[in-house]
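Spelled out from the first residue to the last, the chains are:
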Amino acid sequence: MNTTEFSFNASGWLQVFQVGVVYFFQHHVKLNTISAVGSSGGATTAAIMVFDIPADIAAEKICSKESLVKKDFKSIVKIVHKSIHEMIPMNAIDFLKNNCLGIVCSEIKNYRNFSETEFKKFTTREDIVELLCATCHIPSFNGYLPYRYNGKYLYDGVFTSPHPKKGNKVIYISCTLNCRCGCENNYFTISPSVEFPLRWCILPQDKKILRLIFYHGYCQSYRKFKEDPNFKKLFKFKNNIVNKKNNDNSLNTLMNSKICGNNEELFDLAINNQHKIEFYLSKQIKISNREWSGCKGYIKYLYLFVRIFFPCLPIIWCTQDRILRKHY
């Protein structure tokens, strides 16, 4: 039986786009034999797919965490580590046949060698949890020392392999339009139609925007299958992808309602308003880029730099507010 291979790039908060793609595959596509590899946040998305964790529930949990990091955006790493421990099922090892999960980390082998290391063999659930935490371990966000695992010194996979590549027929799921690996030019890539700022990976967006990013991932998968018949031939389907018409053309329902797979009307609403979702996200991106440009943007990036690399300075108490404030 052929194995369908997926690759997820480092994503941070933009992981919610990837989870929207995963939900589409979980809900509509028969995936009997799959393999998934990921780096940083993309590795946790790969785990969601391999362990068949309900992607709609995972996405809403991501959105709900946004309020927890308002006081300190660097707390995202601790929150991610806690979420990983809660997310991975107790019988996770039972899912791992034929090395179907790959977790990519950055390993320090000596003071001259900092290289990509992929882990595919796990003996216990704790191995999976430890390595998922390791590939999300960013220096200064959760201490400066590397994450130790079985005598190895590991950091976030984004530093050496932001988007692991495994072959020409791998399905690449990218949370950015122009991925550094160039996968947007690949025939088997699903990516956003808008260019999310990379700073959105570490700076939390409002949960309403995060929900729209999730639905954008779902819609981009829908569009890929609808517009590319050759891509559609690769899979068998659980049900039709034809959406029901919905008279509600407002995005408020999508932004204010919790993501729930049992409410199919939300996903029909997303499909019917996918262009409005793109327009709204593009508008928010322009506003964000305007806030982070010119002298004001320079000051914000300076605050961001200080907050990340000099956490003990006495002026730190005001930097978080300056970074996230829209007008100052």
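Structure first, text after, so check above.
Residues numbered from 1 in each chain as written. Predicted model: local features only at pLDDT ≥ 70, side-chain atom pairs only at ≥ 80, totals over all residues. Heavy atoms only, no water.

Q: Requested: an account of helix α3 (residues 55–64), with residues and values cited.
A: With respect to burial, α3 is a largely interior element, seven of its ten residues being buried. Buried within α3 are the following residues: Ala55, Asp56, Ala58, Ala59, Glu60, Ile62 and Cys63. For α3, the elements touching its buried residues are α1 (15–28), α2 (41–50) and α6 (207–227). (Buried < 20%, exposed > 50% of the residue type's maximum accessible area, 1.4 Å probe, protein only. Helix = DSSP H or I, 4+ residues; strand = E, 2+ residues; numbered from the N terminus. Contact = heavy atoms within 4.5 Å.)

Q: Outline helix α9 (residues 264–272), supporting the account with residue identities and numerical values.
A: For the α-helix, the turn length of 3.6 residues means that residues three or four positions removed from each other point alike. Taken as a whole, α9 has its buried residues at Leu266, Phe267, Asp268, Leu269, Ala270 and Ile271. Elements in contact with the buried residues of α9: α1, α6, α8 (252–256) and α10 (274–291).

Q: Explain the pairing of strand β4 (residues 101–110) to me, using residue names and the numbers behind them.
A: Of all the ten residues making up β4, seven are buried; the element is thus mostly covered by neighbouring parts of the structure. One ladder, built from four bridges, connects strand β3 (residues 34–39) with β4; its direction is parallel. When the sheet's bridge partners are listed, Ala36 is paired in β4 with Leu101. Judged from the seven bridges that link them, β4 and strand β5 (residues 113–119) form a sheet pairing that is antiparallel. Residue pairing for β5: Asn110 is matched across the bridge by Asn113. The hairpin turn running from β4 into β5, its antiparallel successor, is two residues long. The sheet contact formed by β4 and strand β7 (residues 152–155) spans three bridges and is antiparallel. Each bridged residue has a counterpart across the sheet, and for Glu107 the counterpart in β7 is Leu154. (Pairing = 2+ DSSP bridges.)

Q: Provide a residue-level description of unusual backbone geometry, including the pertinent values.
A: The phi angle at Ser40 is positive, at roughly 60°, despite the residue not being glycine. Mapped onto the secondary structure, Ser40 falls in the loop between β3 and α2. In this structure Ser40 comes out as buried when scored by relative accessible area, which is 9%. With a phi angle near 50°, Asn150 is a residue other than glycine that sits in the positive phi range. Within the secondary structure layout, Asn150 lies in the loop between β6 (147–149) and β7. A residue is classified by how much of its surface remains accessible, and Asn150, at 65% relative accessible area, is exposed.

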